[in-house]
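# Examination of the molecular architecture
What follows is each chain in one-letter form.
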Amino acid sequence: MSGDRVIFEESVPGRSNSQHAPTPTGACDLPQDFLRAVPPPLPEVSELEVVRHYTQLSQKNFSVDTQFYPLGSCTMKYNPRVCNSLAMLPGFLSRHPLEPVETGQGLLATLYELQEMLAEVSGMAGVSLTPMAGAQGEFAGIEMIRAYHHNNGDVDRVEMLVPDAAHGTNPATAALCGFRVREIATDENGDLDLASLKEAVGPQTAGLMLTNPSTLGVFERRVEEVIAIVHEVGGLLYYDGANLNAITGRTRPGDMGFDAIHINVHKTFSTPHGGGGPGAGPVGVSERLKPFLPTPIVTCYDSEDIKKYRWLSGINTPHSIGQLSGFMGNIGVLLRAYVYLRMLGGQGMRRVADHATLNANYLLAKLTAAGFTVAFPNRRASHEFILTLKPEADNYSVTALDFAKRLLDYGFYAPTIYFPMLVPECMLIEPTETESKGELDRFVDAMVAIRNEAIEDPRLVKGAPHNIPLSGAGVGRLDETQAARKPDLKWNEE
Amino acid sequence: MSGDRVIFEESVPGRSNSQHAPTPTGACDLPQDFLRAVPPPLPEVSELEVVRHYTQLSQKNFSVDTQFYPLGSCTMKYNPRVCNSLAMLPGFLSRHPLEPVETGQGLLATLYELQEMLAEVSGMAGVSLTPMAGAQGEFAGIEMIRAYHHNNGDVDRVEMLVPDAAHGTNPATAALCGFRVREIATDENGDLDLASLKEAVGPQTAGLMLTNPSTLGVFERRVEEVIAIVHEVGGLLYYDGANLNAITGRTRPGDMGFDAIHINVHKTFSTPHGGGGPGAGPVGVSERLKPFLPTPIVTCYDSEDIKKYRWLSGINTPHSIGQLSGFMGNIGVLLRAYVYLRMLGGQGMRRVADHATLNANYLLAKLTAAGFTVAFPNRRASHEFILTLKPEADNYSVTALDFAKRLLDYGFYAPTIYFPMLVPECMLIEPTETESKGELDRFVDAMVAIRNEAIEDPRLVKGAPHNIPLSGAGVGRLDETQAARKPDLKWNEE
Amino acid sequence: MPFIPHTPQDVETMLATIGVSGIDDLFSEIPANIRCEPPKLLPPLNEMEISRLMTQRAALDGGKLGFLGAGAYEHHIPAAVWQITTRGEYYSSYTPYQAEASQGTLQVLYEFQSMISGLTAMEVANASLYDGASGTAEAVLMAVRCSRKKANRIAIPTTVNPVTIATIRALVSQQGIELIEMLCTEEDGRVDTETLAQYNDEDITAIIIPQPNFFGQLEDVDIITDWAHSVGALVIGMVNPMALGILKPPGEWGSQGADIACGEGQPLGIPLSSGGPYFGFLACQKKWLRQLPGRIVGRTQDRSGKRGFVLTMQTREQHIRRSKATSNICTNQGLMTVAATIYMAIMGPKGLANVAYACHENSRQLLDVLTAIPGVERLHKGHFFHEFVLKLELPVKDVLQELLDRGIVGGLALAENYLLVCATETKTKEDIDSYGAVLADIMGRSES
Amino acid sequence: MPFIPHTPQDVETMLATIGVSGIDDLFSEIPANIRCEPPKLLPPLNEMEISRLMTQRAALDGGKLGFLGAGAYEHHIPAAVWQITTRGEYYSSYTPYQAEASQGTLQVLYEFQSMISGLTAMEVANASLYDGASGTAEAVLMAVRCSRKKANRIAIPTTVNPVTIATIRALVSQQGIELIEMLCTEEDGRVDTETLAQYNDEDITAIIIPQPNFFGQLEDVDIITDWAHSVGALVIGMVNPMALGILKPPGEWGSQGADIACGEGQPLGIPLSSGGPYFGFLACQKKWLRQLPGRIVGRTQDRSGKRGFVLTMQTREQHIRRSKATSNICTNQGLMTVAATIYMAIMGPKGLANVAYACHENSRQLLDVLTAIPGVERLHKGHFFHEFVLKLELPVKDVLQELLDRGIVGGLALAENYLLVCATETKTKEDIDSYGAVLADIMGRSES
Ligand SMILES: Cc1ncc(COP(=O)(O)O)c(C=O)c1O
Ligand SMILES: Cc1ncc(COP(=O)(O)O)c(C=O)c1O
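These numbers come from a predicted model, not from an experiment. The residue numbers shown here count from 1 along each chain, following its written sequence. All chains are assigned letters beginning with A, and all ligands numbers beginning with 1, in the order in which they are written. Owing to the predicted nature of the model, reporting of local features is limited to residues with pLDDT of at least 70; listing and counting of side-chain atom pairs is limited to 80 or more, with chain, interface and lining totals taken over all residues. Values shown for side chains rest on all heavy atoms present in the structure; no hydrogens or waters enter the calculation.

Segments assigned H or I by DSSP are reported as helices when at least four residues long, segments assigned E as strands when at least two residues long, and all are numbered from the N terminus. Secondary structure summary: chain C contains twelve helices and 15 strands in total. The dimensions of chain C, computed from C-alpha atoms along their principal axes, are 80 × 55 × 50 Å. Burial status follows relative accessibility: with a 1.4 Å probe on protein chains alone, a residue under 20% of its type maximum counts as buried, one over 50% as exposed, and anything between as partly exposed. Per-residue burial for chain C yields a buried fraction of 70% across its 448 residues. Note on definitions: a residue-residue contact is assigned when non-hydrogen atoms from the two residues lie within 4.5 Å. In chain C, 72% of the contacts between residues at least 6 apart in sequence involve partners at least 24 apart. Charge counting treats Lys and Arg as positive and Asp and Glu as negative, with His and both chain ends excluded. Note that the charge is assigned to NZ on lysines, CZ on arginines, CG on aspartates and CD on glutamates. Here chain C contributes 36 positively and 50 negatively charged side chains, and the mean placements of these two sets differ by 7 Å.

And the structure:
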C-alpha cells in the first residue's frame, strides 16, 4: 500500500508529469551564479502515484466527516459542504488580492456584511476580519489595548492578567505584545478567584484576558464584577472567543462589557480545521478601540444609489495597529463563515448555542449517571465539560491518556486531555450541536465499556490503540519521547 | 461506525434537513386520490450523518485511486482528475438538453471534435457518440448491420456469428437484435478456428462480432482472412472495441476491414467506471453504414466564417436506426474522454498502446519466470494476458477464486477470474499503461507469496480474505449462494 | 509522457526482461499491412491549456433562466452530493465483482434499491439502467417476458413523451413487439378512461402509464391500472421520482398496484448536463424478480456471520446467460445511483415532499402569471404536477427565440402554437414574474 | 433546523435526562441582565438561495487577464491537488493531537517538511505559518532569539516588499527590535553590494535577503550572505519557492548558506483567492531547531517498531511553554500544506524547474513586447526572475484604469510612473501580445 510508504520511497529518477509543465523552449539566460546546481530533491512520481498516495493517506485520518470528534475547546462540528463549494467558485479563486476593488465587489460586499453580522452577534462596535487565526486575533486585540493606553500616554501599564486556566495562546500573546504576564487563580467552582484578581490589579494593569465560558467548561458567573474590577483600575478587557459557540444568541461579549474580542470562525462559524488550519480570527472592539483596528477593513458607500465597497487602510486609518499579514487575511475561510452565517440567521445562531449546550449537558448527565467523575459537579456545563479520570487512574492505574487511546479503537476521536492543566487526569469533552443523540449514547457506551476493560484487563487499555478502524493497517501507540529525543524531521534515503 | 450500519438504521422519525427544501406555503390543492397516503420510507438523517455514512462507505472500496486494479478486459487505468473538473464546469452542468443549440456551442464543438478524433483513431468513416455504454454500442452496431441488410432487401440473414471466447454482451446483444447466435470455436493458440468459421458462414449470415485483441489477450493474427470469409458471403463485420487500448496508434479496426465498431470510452479513453458506470459506447462505421448511425449526431457548418454546430436527427437522418435514449447520450462522460484525448494527442494514443502492451508483457514474463502457467505460451500478450491456475488447483487445491480473494489481503484488487470460460482456473490480468514497474513487481511478489502460502498453509488462502486493508473492519469471504437463494434486496426494519 | 510512469531506463529494463529489443517487437503479431502510424489528432494540450479551452467553451453554454422540463428537470442539488460522489473510491472503482473489496459501492446500491423500492412502493428494484427512456424499453421487454400472452402488444398512450416512444420503438422492435397507440382526450391531455373498454379485445400484454404525463397532467392511474389488470395486461408505471414525494406510488395504484415501475432518475440529484449521464430505475413486484434486467445487490453474510453485500441473481445476466440473458446491459450508471442515494438520504421523506410541493406551487404560480397575459391560455383542463401546456396566439418558435435573446429559455415548442412549460422549486417569485413580464412584452408588441 | 439533528422528541428526552424543563434552564448561570435576544441578522437563506447569491457575487469578481504579481502569483494548479485536499478526512480534521488517528495529516506534514527542506536546502522546516509576511516576522523574532547580540537590529533592504516590511513592523515592534533600512541602487533595484561595508559597525543581528526581490530583481545573494556572516549577522533568506525550481536555494548561498529561509508558499498550488488562505514556510539549520516556531512533525515508531509520525518538539509551543513559547501560533495553515505537498509531488523537480523557466521566459517576452512600445521602458538593469518594473510616460493610474476597462489587470502601480509587471507560465504568447497591443494603443492615443 502506497500509504505505508513515504512519497519519496515511490520516487524513480527521471520520472515527471509532462502534462503539468510547459517544456522549456530554450536554455536559461540567467548566469550560473544565480542558479541551483542540482534540481530540488522532490520526489519523482507519476500523477497516479500521487493521487493514490494522498488518497490512501487521507484514509488514515479521523475527521468530523468520518467520526465523532468531541475534542474540547475545538468545536469540531459539521462543516457544511456547501460552504466549501461556494468559497471555491472560480470568480473568488481567480482574483488577485491587489486587483482594484472594481473586480471584487462581490467579495467585498460579502466581507462587509460578514463584518456587520459578526459585530451584531458579538455585540461589538467594530470588526476587522484580517487576523489569520485565534492567536493572531489575540495579538490584534492585545496590541489594540496597548495602542490605546499608549495613545492616552498611559505607558506604564506593563502587565496583562491571564487566568491560570487560560489557553496557552493567551499568555504567549501577551508576552509577544511585550507584556508581563500575571496569572490569576481559579476557585473551586471554576470561577475566577476574585480575591486574587483584586490583589493583582493596579496602575500597572493593561488588561485582563478572559475566556467565557472558560476552558473549564463553565460560565464565569461574576463576569460583570470581574470587568468592573479591571475597568476600575483603568485596564481593558479582552475576550477570548474560542468558546463563543456556547453563547451565541444568548449573551454577547459586548453586553458583558468587553473591549476587544476575537472570534475563531473555525469553531463557532464552522469553517473547517483542515488538519490544523487555516482558520480565521476576526477581532471585534468597543467604540473606544475602533480607531486601532488592524487593516484592511471593508467600508461601504453609496454611488448612484448602488452600494459600493472598498478597503480602508493606510492613510484612512492613522491609528491602526497596522497590517498583520501580506494581504487581506484568510478570505476563503471568511467566505465559508459568511455562507454558514447566512444559512443560520439570528434564530439559527441561538439554536447553535442551545443545542451545543443541550448536548454537553446531556452527555454530562449520562456520564455522571454511569459513574464518571465530573470536575465541577455543582455547575451547569456550557457547550463542553470536564471529567476527571483520577479515580480510574488511582484505582486501575489507567490514565486519561489510556482512555483516549482506547476510544480510538472504538471509532471515536479522543476528547482533549490534560488541558486545562488545573484538573488532574482531565478530559475536556465538547460534543457540539451537530451530533445526534444516538452518537452521544454510543460514546457513553464506549466510555463505560473501556472502564470495564480497565477493571478486567487494564493492559488492554494501556496498550491501546490496537485496531483503529483505519485503512492500511493503523499504527499502535507511538513513541513521542523518541520523536523528541532524536528528531527525524525530514526524509533521508535510508 | 456509521459505515457498519445501513443508513436506515440511523433514521429517527421526524428529522429533516430544512436547509435543502423550501417550506411549503400552503396546503396542496391536488385531490387526495392522486396523493400518497404515507410519506416515502426514506431515511430521516441529518446532513452530517449522510456525509459521515457515505464517506465511511467509500473507504470500503478498492479503486484505481487507491489500489492497483488489474481487472482484465476492464482497462482500469488512471482517470485524470482534470477530466472530472472540466466536465463538471457549471456551464456544462447547468444546460438543459432541449435548450436550443445557441446555448450549447461550446459543448457541441467539443462533441464534434470528439466524433472526428474517434473516427481517426479507429479508422472509421463516421461516428455517433450516443450509445450509453459498450453494450448499447454493440446494439447500435448490430442494429445497423440488420438495417443495412433489410435496406438491401436482404431479410434472410438471421444468424450472427460470435466466437466462443466473446464477452457475454456480444451474444446477448445479437439476441436482443433478433438474431440467432452461432458460436465459433477458438484454436489452441487463441486464434479463431478458421475451419469452424468457414463451416458456419452462408447466406443466412448477417455478420460476425469480433474482439481484437480477443478476450484471450492475444491479437487475432488472421483477422484479414476472417474478414474476407465473412464479407465473401455478404456478412458484415462488427468490432468489439473493449480492447482498443491494446492497439491505438498501432492498427485500426477500419484498416482491418470492419464495418461497425463500438468504443468503450470508459476503458480506452480513461473515463471513470464509477463503480459500474456511467460509461459511453460511441459507434463508428464504414461508409456504407453511415446512413444508419443512431441519432443525434453533431454536425458542423460555417456561418459568417464562424464554425457553428447543430444536432442531426429525425428528418435529416431518414435511415437512422433512431434514438437509443431520452436525450443525447452520456455527455459528461464524453466530455471527459475529449479532455483525455486532447491531452494525449496522436503520439500519446500510440504511447498508450505501447506501454499497456509493455506492461502486460513484462508482467507475463515475470510471472512466467516465477513459475506460473500462461494460457497461450506461444503468443505475445496484448495489453492483457491469461494465467491458468490449474496446476495450483490440482496440486494444492487452491483455486483462482482463492488466489483472487487472497490478493485482496495484499492490497491488490483481483484480476478477472473465470472469464473467458475457455481457460480453466483462469485469471485475466490487465495492468494498463499507467502502472509503474514498481507496482507490477510488487504484484508478482504477492502472487509468489500466495503460492507459497498455498503450499504451506492452503487453508489460509482458501479462507481469504482475512485482513483487507479497508476502513471499518472489512468483511470476510461473503456467501453468494445464500444471497441468491434467499434474496434480501432491500432494507426491512429487523 | 502524460499519465505514463516509465522512465527510459524502466522501459529498457522491462524490454530486457521480456527479451525483446524494442516496443515495436511487441506488436509483431499484427500483420504488417494493417499497421498504422499514430493518428492525426488535434495537437496535444497540457493540463493548463486544456483547462483554459474547456473553461472558455463552458462559459459559452448554459446559465440561462430556464423553464424547460419535458423529461429533465432543474433541481437544487445539495453540495454534499457530488463532493462525496466524486471521491476516488466511488469514482474510479469497477462494477463490484470482488464483493469483499467493494463493500462501499455494494452497500450504497443496496440502500439505493431500498429507497427506490420505498419511493415506488414496489417490492424489489435493480441497481440502475442507462436512462428513463431506455429503461422503459427494458420494462417493455420485461413485461413481455413476464406475460403468458402469445401476442406481444404494448399499449402506449400518446401522453407518453414522444422521444420515449421512439426510443422504445428503436430498442424493442426486433422482438416482434407491437406498440399500440392509445389516444388521449384533447381537453384533458390524458388517457380517456371512458373509452378504455375499446381496447378490451386488443389482447394487450402491458400498458405504460405515465405519471405525471408528458403534458404534466396527472393520469387517473387507479382506474387505468384496474382496467388493465381486468383485461390481463400488466401495468408499467412510468413515474417522475421527484413527484413521488407527494404522488401516489405505482405500487399503490388501483387495487393491486402496478407490476413494474420505471422512470428517469435525473431529478434525484443529477445535474442537467445537456442530457447525461442520468440513470433509469426499474422496480417490480417480487414475483417478476427473475425477469428484472440489470444488476441486483443482495445482503448476505461472511463466514463469521458478519453482514455484507454482493451482486446477486447473476444468472439473469449476460455474462452468465449470454444470448439468453434478460438484457445485454453490463456497464450501467453506477455513479449516478451513488449521487441519487446520497440525495435521497439528505432530502428524506419530508424534504422530497417539500420540494415536490414547491415545484407544484411554483408551476401553479407560473401558470397564473402567464395566463394573465392576453394571447396566452392553458391548453388543458385538470390537474398537473409541475408542467403544463400553453396555447399562444403567436408562433411559439418566434416567441422562444425572443425570450432566448432576453436570457430566458421559455419551454419546449410542441407544435406551431403549443408550448410546454415547467417551473421547479428553483424558480423564485422574481424569476416567474420576470418570465411573465418579458412574455407580456413580446405578446403585447405583436398586438400593436 | 439546519445542521442540528434533534427532533422535538429527542430534545424532550434529553432535557428529562438532564433534569431540567427547558433549554432556557441550561443558561441559568448567565446573569439575567446580560442575556440577549437572538441577534438581528440578514434573513436566513436555504442552501439553494445562498448558492444562487454567492454564484452571482462570484460572477462579479475575478476572471481578468492578469499581469499582477507583487507577492501572489497565478500558476497552473493540477486538478488533482484540490480534489484530494478537500477530501473530508483532510478538510474536517483537527491539528493531529491524537497521532494514531491522524497519520494521514502527520505523514503529509512530514513529507511537506522534507520537501521544503529540500527546496530551500535547509536542514529542517516547520509545518507552516500564517503567510509569507507574518512568517518573515516570525523569522525575525527567531533570529533575535538565536543571536547572542544584545542589540536587536534587523537590516531590511528596501528591495523587500513594503507590505512585508509593514507587517514585520506591526508584529515585532513590541520586542524592542529595530528595523534598519538598507538602501538599494537605483540603477539595479537591488542591494548595493559595493556599500555593504557601511553597515559593518551597525551591530546587525540579522539581515533579510529577498530573492527574487520586490522588483523581481535577483540579488547577489552569495556576496550579501558572506558579508553578513562576516559581521556576525544571521541571514534570513526570503524566497519565492517557485523560483527555487531553478534559483540557488538559501542553504547554498555564500560559503555557509543562509541561517533561516522563509517565504510565501502561495505559488505552490494555492489559488490567488483575493489574498488567502495562503501559507508561510520557515526552515533553518538544525542548530536553530529549538528556536523554530510552529508545529513540527517527527518520525517515530510504535511499540511493534512500525513507522509512524507525531507532533514533536512541543516544548517550544504555547500550549506547553505558555508565555515563554517561541510563538503564540496555534492554528496554522494546515490544509494549505496538504495542497502544497500534493502540488510539489506532482510537479517534481523537473516540473517545478520547467514552470520556473517558463515564468522567466514569459516575463522576458513580455518585457520585450512592452518595451517596444514608445513611452515604455524598463526601469532597472540586471537580471530578474518573473517580474520587472516599467517606467511609463503616462500616469500609471490612468493607464491601469484603461487597461482594466479592456479586461486587463496590468500590474501594480509603484509610483506615479512606475509599474510592476509579472508574467507567469499561465500567459500565452497571445496574452502577452494582447497586453502589448492594448498598451500600445493607450500610449499611442496619448501621443496624438
Ligand atoms: C480557548 C482558546 N483560545 C485560543 C485559541 C487559539 O486559537 P487559534 O488556534 O485559532 O489560534 C484556542 C484554540 O484552540 C482556544 O481553544
Ligand atoms: C470484451 C467486452 N465487450 C463488451 C463489453 C461491454 O461494455 P460495457 O460494459 O461498456 O457495456 C465489455 C465490458 O466489460 C467487454 O469487456
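Now that the structure is up, let's keep going.
Attention now moves to the overall build of chain A. The secondary structure content of chain A amounts to 15 helices and 13 strands. Each radius of gyration is computed over the set of C-alpha atoms, and the globule rule expresses the reference value as 2.2 Å times the number of residues to the power 0.38. In terms of overall size, chain A behaves like a compact globule, its C-alpha atoms giving a radius of gyration of 25 Å where 494 residues would be expected to give roughly 23 Å. Out of the 494 residues in chain A, the part that is buried amounts to 70%. Restricting to contacts in chain A with at least 6 residues of sequence separation, those with at least 24 account for 72%. Side chains of chain A give 42 positive and 58 negative charges; the mean places of these two sets differ by 3 Å.

Glancing now at the interface of chain B and chain C. Opposite the 203 residues of chain B that make contact, chain C presents 185 residues. Note on terms: buried area is the combined drop in 1.4 Å-probe accessible area of two parts once they are placed together, counting the loss on both. Ranking the residues of chain B by area buried against chain C places Phe34, Arg36 and Leu489 of chain B at the top, with a combined share of 5%. Take a side-chain nitrogen of Lys or Arg and a carboxyl oxygen of Asp or Glu: if they are within 4 Å of each other, that pair is a salt bridge. The interface formed by chain B and chain C includes eight salt bridges. The salt bridge partner of Asp488 of chain B is Arg299 of chain C, with a shortest N-O separation of 2.7 Å. Within 3.5 Å is the distance limit for a polar contact, defined as a pair of N or O atoms, with the added protein rule that one can donate a hydrogen and the other accept it, and that residues adjacent in sequence qualify only through two side-chain atoms. On inspection of chain B and its partner chain C, the count reaches 93 residue pairs in polar contact (both at pLDDT 80 or more). Here the element with the most residues in the side of chain B that touches chain C is helix α10 (residues 331–369) of chain B; it accounts for 29 residues. When grouped by side-chain class, the residues that make up the side of chain B that touches chain C number 100 nonpolar, 58 polar and 45 charged. When residue character is reported, Ala, Val, Leu, Ile, Met, Phe, Trp, Tyr, Cys and Pro are called nonpolar, Asp, Glu, Lys and Arg charged, and the others, Gly included, polar.

As a further point, take the domain arrangement of chain A. For the domain bounds, the source is a domain assignment made automatically or taken from a database. The assigned domain composition of chain A is domain 1 (2–58), domain 2 (82–344) and domain 3 (347–484). Measuring from the centre of the C-alpha atoms in domain 1 of chain A to the corresponding centre in domain 3 of chain A gives 43 Å.

It is worth spelling out the site of ligand 2 at this point. Around ligand 2, a shell composed of 16 residues is seen, among which Ser73, Asp240, His266 and Lys267 of chain B together with Thr331 of chain C lie nearest. Put simply, a residue is near a molecule or strand once any heavy atom of it comes within 4 Å of that molecule or strand. Chains contributing residues to the immediate surroundings of ligand 2 are chains B and C. Within the side chain of Ser73 of chain B, one N or O atom sits 2.6 Å away from an oxygen atom of ligand 2. Within the side chain of His266 of chain B, one N or O atom sits 2.6 Å away from an oxygen atom of ligand 2. Alone, ligand 2 offers 390 Å² of accessible surface; in the complex the protein occludes 99% of this. Considering each element in turn, the shell around ligand 2 owes the most residues, three residues, to helix α5 (residues 134–151) of chain B. Residue composition of the shell around ligand 2, by class: five nonpolar, eight polar and three charged. Computed with the Shrake-Rupley method and a 1.4 Å probe, the accessible areas treat only the protein chains shown as cover for residues.

Okay, the domain arrangement of chain C next. Residue and element names in this part refer to chain C. For chain C, the domain assignment lists domain 1 (79–343) and domain 2 (348–447). For domain 1 and domain 2, the distance between their C-alpha centres works out to 29 Å. Each partner contributes to the interface: domain 1 provides 19 residues, whereas domain 2 provides 20 residues. Contact between domain 1 and domain 2 buries roughly 1,500 Å² in total, counting both sides, with carbon and sulfur atoms accounting for 67%. A per-residue breakdown of the area domain 1 buries against domain 2 is headed by Phe215, Met242 and Ile246, which together make up 31% of the total. Joining domain 1 to domain 2, the criterion identifies one salt bridge. Between Glu187 and Lys381 there is a salt bridge; the shortest N-O distance is 3.8 Å. Joining domain 1 to domain 2, the criterion identifies five residue pairs in polar contact (both at pLDDT 80 or more).

A word on the environment of Met1 of chain B. Residues and elements named next belong to chain B. Relative to the helices and strands, Met1 resides in the segment before α1 (47–58). Among the residues examined, Met1 registers a relative accessible area of 22% and is labelled partly exposed. Note: C-alpha distance between Met1 and Ala337 (336 residues apart in sequence) is 37 Å.

All names here are of chain D. By the criterion of burial, strand β9 (residues 297–301) is predominantly enclosed, with four of the five residues buried. Relative to strand β10 (residues 307–311), β9 runs antiparallel, the two sharing five bridges. When the bridges of β10 are listed, Arg299 appears paired with Phe309. Here a strand pair is declared whenever DSSP counts at least two bridges between the two strands. Hairpin geometry of β9 and β10 is characterised by an intervening segment of five residues between the two adjacent antiparallel strands and by a positive phi of about 90° at Gly305.

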